[in-house]
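Per-entry structural report
Residues per chain are reported as follows:
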Amino acid sequence: TRLDRYVKRKRSGEDVSIIVSGCVAQQEGEALLRAVPEIDVVMGPQYANRLADVLHESLIGGQVCATADSRIMEDMTMPNRQSSVSAWVNVIYGCNERC
């Protein structure tokens, strides 16, 4: 898998943290942690702005599965418009696909 080289580094004693994030990681959650015990954190996109906190939690307490629904810490009620013809929309929070 794509994690193999990082798992090898961790097994050899190198000080690395393995974090798997995104919508697929969120769907897999605990199963991913069981399949690859070297993973420190599995997190959904709603935790992206809290990566430092989640990583710290894993460093003091072991594996973390941050996939629960969480309140997004951004004001998404108003689009970010810097142009009269386009607007910024954060796709990782608005994707409805179940890949």
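Everything in this summary refers to the structure shown in the same document.

Reading the values: the criteria
Residues numbered from 1 in each chain as written. Predicted model: local features only at pLDDT ≥ 70, side-chain atom pairs only at ≥ 80, totals over all residues. Heavy atoms only, no water. Helix = DSSP H or I, 4+ residues; strand = E, 2+ residues; numbered from the N terminus. Buried < 20%, exposed > 50% of the residue type's maximum accessible area, 1.4 Å probe, protein only. Contact = heavy atoms within 4.5 Å. Areas by Shrake-Rupley, 256 points an atom, 1.4 Å probe, with all protein chains shown as cover. Core = buried A, V, L, I, M, F, W, Y, C linked by side-chain atoms within 4.5 Å. Polar contact = N/O pair within 3.5 Å; in protein donor to acceptor, adjacent residues only side chain to side chain. Salt bridge = Lys/Arg side-chain N within 4 Å of Asp/Glu carboxyl O. Pairing = 2+ DSSP bridges. Axes fitted to C-alpha atoms, helices over the stretch in contact; angles between N-to-C directions.

**Thoughts on the overall build of the chain**
- If you tally the helices and strands in the chain, you get four helices and three strands.
- Start at the N end of the chain and walk to the C end: the helices and strands fall as α-β-α-β-α-β-α.
- Out of the 99 residues belonging to the chain, those deemed buried represent 27%.
- The contacts of the chain with a sequence gap of at least 6 include a subset with a gap of at least 24, amounting to 36%.
- As displayed, the chain offers around 7300 Å² of accessible surface, 51% of which is attributable to carbon and sulfur atoms.

**Considerations on the nonpolar core**
- Listed in full, the 10 residues of the largest apolar core are L3, V7, I18, V20, A25, L32, L33, V36, I39 and V42.
- With three residues, the top contributor of residues to this core is helix α2 (residues 23–35).
- Residues in contact with A25, not counting those within four places in the same chain, are V20, L32, V42, M43 and T67.

**A few points about the side chain of Q46**
- If you trace the backbone, Q46 turns up in the loop between β2 (41–43) and α3 (51–61).
- Judged by its relative accessible area of 8%, Q46 is buried.
- Only 3.5 Å separates the side chain of Q46 from the backbone oxygen of T67, close enough to count as a polar contact.

**Structural notes on the pattern of salt bridges**
- Under the criterion given, the structure shown has three salt bridges.
- E14 is the partner of R9 in a salt bridge, and the nearest nitrogen-oxygen pair spans 2.7 Å.
- The salt bridge involving E38 is made with R11; its shortest N-O contact spans 2.9 Å. Here the residue E38 occupies a position in the loop between α2 and β2, and R11 occupies one in helix α1 (residues 4–11), the gap between them amounting to 27 residues.
- Classification of R11 by relative accessible area gives exposed; the value is 62%.

**Side note on the sheet that holds β2**
- Read across the open sheet, the three strands follow the order β1-β2-β3; overall the sheet is parallel. Of all the strands in the sheet, just β1 (19–21) and β3 (64–66) have a single pairing partner and so form its edges. The sheet shows a mean angle of 10 degrees between the axes of neighbouring strands, direction not considered.

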